[in-house]
Each structure stands twice: as structure tokens, then as C-alpha cells.
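Chain by chain, the residues run as shown.
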Amino acid sequence: MIVLDKVNKWYGNYHALVDVSEQVDKNEVVVVCGPSGSGKSTLIRTLNRLEEIDSGRILIDGRDIHDRTADVNALRAGIGFVFQHFNLFPHLTVLENCTLAPVNLKRATPREAQAYALELLEQVGLAHKRDAYPNALSGGQQQRVAIARALAMRPPIMLFDEPTSALDPEMVNEVLQVMRTLAGQGMTMVCVTHEMGFAREVADRVLFMSEGRILERGTPEAFFTNPQHPRARQFLADRRRA
């Protein structure tokens, strides 16, 4: 589903992604972890062109998404993205947030969009909040609405950029539980997260990044019990002490 081939990204003199090559298969759940500033969020944001790359290629389902002739809006419509800070429209209700894009971008009828949105809100446990506005919801509820909104476009891929890092600790698990359910349903997912328990439990593979490079990749069992790279060992030791 996703192929990265020698991807490089610069911010001025700062080399944020260094010759990154990787692939993610259909129905695979990949967790990207690493210290702050390692390039994790930059990497995931290149997968739907929120960040442009300077060299290399990224293919999504066989399409070169950084091709200059590509329709960026059409590409993004097929890739679900959940942000750290929810990014819900504050002037729209929960239901309106979930139906806006399907109606305007996918040409769904309002009735079709509402029916599917209510299914998704039921799935994330928030159908009873359909008429509420975002400012009336907790952070965990807002993030679950954001997941439902992304799913409303029926994307084959879901990207999560530290979806729990802005939440109070007691709200983290309600969001992770929705993500566990998606993984169990076979959704192709790439997740940047510091939640190592989630990575160990749900991921098919873990990628460890540092200084813009993928230094280690492997199953959760291999990564957490026998990391090979010294920086990965140090990262896990620091996490255990935290």
C-alpha cells in the first residue's frame, strides 16, 4: 500500500529525513517511534503531502503522490489523517464535522453521509453526541470524533500523528481502544505514538527513528525484547525509567 524510496526532506540546513526507504503492506499496522525530533511526524506528514519531499518517491497504492501533476485534494481524500490536536471545525456539530467532506468531496448525498457518519459515531461510542459542538466535548471525545470524521471518507489507509499526546492520561485509553478496534478490522495503519503498550499489543511492525533515519525495524516482540541498535536500546531504557 505504501512504498517510500530514498526519501529526503530538508528544512533549510536541517536534514529531517535521510534516505528513508520502507514499505507498508495492506492490512498492516506499523508504529513509528523514536525520540523527539527524530523525524517521525515529518515522515507521516509526507504520506499525504502535508509536507513536500526534496528527493525520492512515495507511492500510495501504486500512485506517486509527490508527482507534480497529482491532484493533492483527491489524494488526501483517500488517506485518513488524525492529528495531535483534533482539528475539528468548532462551528459545526459532531455530525456536521463527519458529513462535510463526504458530501462536498465524495459527492455523497446528505442522507447517505449522515447514515454512515452515525454508524461510525456509534462505533466510537459517541452517537449520543451527534448534535453537540466540539467545545462541549472532552479531549478524548474530540479525538474519537476526529477518527470517525477521517473514517467517513472510507479511506483504505489511516495515518495517526501522536493522537493521544494532547490528552489527559485518563482519556488516552478511550482513543487507543478505537484504534485497537480499527486494527482488528484489518485497517492499514501507520501510527506515530509514544504509547509503547499500544505498539507492543497492536503493531505488526515497529519502526524506530533517530535523526531522520529508520535505525531499526522489526516485530514488537523483537523490538521490545532484543533491540539491536544502541540508540533503540537507550530509547527503551529511557522509556522504562520515565
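Please read all numbers here as calculations on a predicted model, not as lab measurements.

What counts, and at which threshold
Residues numbered from 1 in each chain as written. Predicted model: local features only at pLDDT ≥ 70, side-chain atom pairs only at ≥ 80, totals over all residues. Heavy atoms only, no water. Helix = DSSP H or I, 4+ residues; strand = E, 2+ residues; numbered from the N terminus. Rg over C-alpha atoms; globule rule 2.2 N^0.38 Å. Buried < 20%, exposed > 50% of the residue type's maximum accessible area, 1.4 Å probe, protein only. Contact = heavy atoms within 4.5 Å. Areas by Shrake-Rupley, 256 points an atom, 1.4 Å probe, with all protein chains shown as cover. Lys, Arg positive; Asp, Glu negative; His and termini not counted. Charge placed at Lys NZ, Arg CZ, Asp CG, Glu CD. Phe/Tyr/Trp six-rings, centres within 6.5 Å; stacked < 30°, edge-to-face > 60°. Pairing = 2+ DSSP bridges. Salt bridge = Lys/Arg side-chain N within 4 Å of Asp/Glu carboxyl O.

Undergrad: Describe in detail the overall build of the protein, supporting the description with residues and values.
TA: Check the secondary structure of the protein and you find nine helices and 10 strands. For 242 residues, the compact-globule estimate of 2.2 N^0.38 gives 18 Å, and the protein sits close to it at 18 Å. Taken along its principal axes, the extent of the C-alpha atoms in the protein is 55 × 45 × 30 Å. The proportion of buried residues among the 242 residues of the protein is 52%. Taking the intrachain contacts of the protein between residues at least 6 apart in sequence as the baseline, contacts between residues at least 24 apart amount to 65%. Just so you have it, the protein exposes about 11,500 Å², and 47% of that area is on carbon and sulfur atoms. Of the charged side chains in the protein, 28 are positive and 29 negative, and the gap between their average positions amounts to 1 Å.

Undergrad: Explain the packing of aromatic side chains to me, using residue names and the numbers behind them.
TA: Working definition: an aromatic ring pair is given by the centre-to-centre distance plus the angle between the planes. In total, this model carries four aromatic pairs according to the counting rule given. Ring centres of phenylalanine 208 and phenylalanine 235 lie 5.3 Å apart, and the angle between their planes is 50 degrees; on these two criteria the pair is classed as tilted. Of this pair, phenylalanine 208 sits in strand β9 (residues 205–210) while phenylalanine 235 sits in helix α9 (residues 230–241), placing them 27 residues apart in sequence. With relative accessibility at 1%, the residue phenylalanine 208 sits in the buried group.

Undergrad: Explain the sheet that holds strand β5 (residues 63–64) to me, using residue names and the numbers behind them.
TA: Pairing between the strands of a sheet is mediated by backbone hydrogen bonds and can be parallel or antiparallel. Strand order across the open sheet formed by four strands is β2-β1-β4-β5, with antiparallel pairing between neighbours. At either margin of the open sheet sits one strand with a lone partner, and together these are β2 (14–24) and β5. Pairing of strand β1 (residues 2–11) with β2 involves seven bridges; the strand directions are antiparallel. Paired with tryptophan 10 across the bridge in β2 is histidine 15.

Undergrad: Tell me what's going on with the environment of leucine 236, and back it up with residues and numbers.
TA: Considering the arrangement of structural elements, one finds leucine 236 in helix α9. Residues leucine 236 and aspartate 168 lie 68 residues apart in sequence; the distance between their C-alpha atoms is 23 Å. Apart from the residues lying within four places of it in its own chain, the contact partners of leucine 236 are Phe223, Phe224 and Pro227.

Undergrad: Which residues make up the environment of arginine 240, and what values go with them?
TA: Inspection of the secondary structure assignment puts arginine 240 in helix α9. Arginine 240 sits 237 residues away from valine 3 along the chain, and the two C-alpha atoms are 32 Å apart.

Undergrad: Tell me about the pattern of salt bridges, and name the residues and values.
TA: Within this structure, the stated rule accounts for 11 salt bridges. As a salt-bridge pair, aspartate 5 and arginine 57 come within 3.9 Å of each other at their nearest N and O atoms. Of the two residues, aspartate 5 sits in strand β1 while arginine 57 sits in strand β4 (residues 55–60), which places them 52 residues apart along the sequence. Classification of aspartate 5 by relative accessible area gives partly exposed; the value is 32%. For glutamate 22, the salt bridge is made with arginine 217, and the minimal N-O distance between the two is 2.5 Å. One end of the pair, glutamate 22, is in strand β2; the other, arginine 217, is in strand β10 (residues 213–218), and 195 residues separate them in sequence. For arginine 217, a relative accessible area of 43% puts it in the partly exposed group. Through salt bridges that share partners, Glu22, Glu28, Arg205 and Arg217 make up one connected network.

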